[in-house]
Amino acid sequence: MSTTYDQLVEIVTKLHDAPTDRISPDITFAQLDVDSLTLVEISIRIERDLGVHIDDNELQEDLTLGATTKLIDSRLAQ
């Protein structure tokens, strides 16, 4: 995957105690047991670290890390 994916994984693992052996592009935030408060924190960190604004309602528990990466990359391309 892309550098964006690696940065997203770093953000998720810093904010949430997700086992790194479970991290993959196809896993959802729900499968990682990420709660709604942590999703907000991830959204804030994405904006701070990557310069991409993602609304809280866009970052949902059923979104995969791969789909989140595509969302971030699409915003970066704008």
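The structure contained in this document is the topic of the report that follows. In this text the structure is predicted, and so the values were computed from the model without any measurement.

Calculation rules
Residues numbered from 1 in each chain as written. Predicted model: local features only at pLDDT ≥ 70, side-chain atom pairs only at ≥ 80, totals over all residues. Heavy atoms only, no water. Helix = DSSP H or I, 4+ residues; strand = E, 2+ residues; numbered from the N terminus. Buried < 20%, exposed > 50% of the residue type's maximum accessible area, 1.4 Å probe, protein only. Contact = heavy atoms within 4.5 Å. Axes fitted to C-alpha atoms, helices over the stretch in contact; angles between N-to-C directions. Parallel < 35°, antiparallel > 145°, perpendicular 65-115°, else oblique. Left-handed = near helix turned anticlockwise from the far one by under 90°. Nonpolar A, V, L, I, M, F, W, Y, C, P; charged D, E, K, R; others polar.

1. Some remarks on the environment of I72
Tracing the backbone shows I72 in helix α3 (residues 65-76). Accessibility expressed as a relative area gives 0% for I72, which makes it buried. Not counting residues up to four positions away in its chain, the partners in contact with I72 are T4, L8, I46, L50, V52 and I54.

2. Some thoughts on the packing of helix α1 (residues 3-15) against α3
Where α1 meets α3, the axes come as close as 9 Å, and the angle between the chain directions of the two elements is 120°. One element, α1, and the other, α3, form an angle in the oblique class. Between α1 and α3 lies a crossing whose hand is right-handed. For the pair formed by α1 and α3, the contact residues are T4, Y5, L8, V9 and V12 on the first element and L65, T68, T69, I72, D73 and L76 on the second. Split by residue class, the contact of α1 with α3 holds 7 nonpolar, 3 polar and 1 charged.

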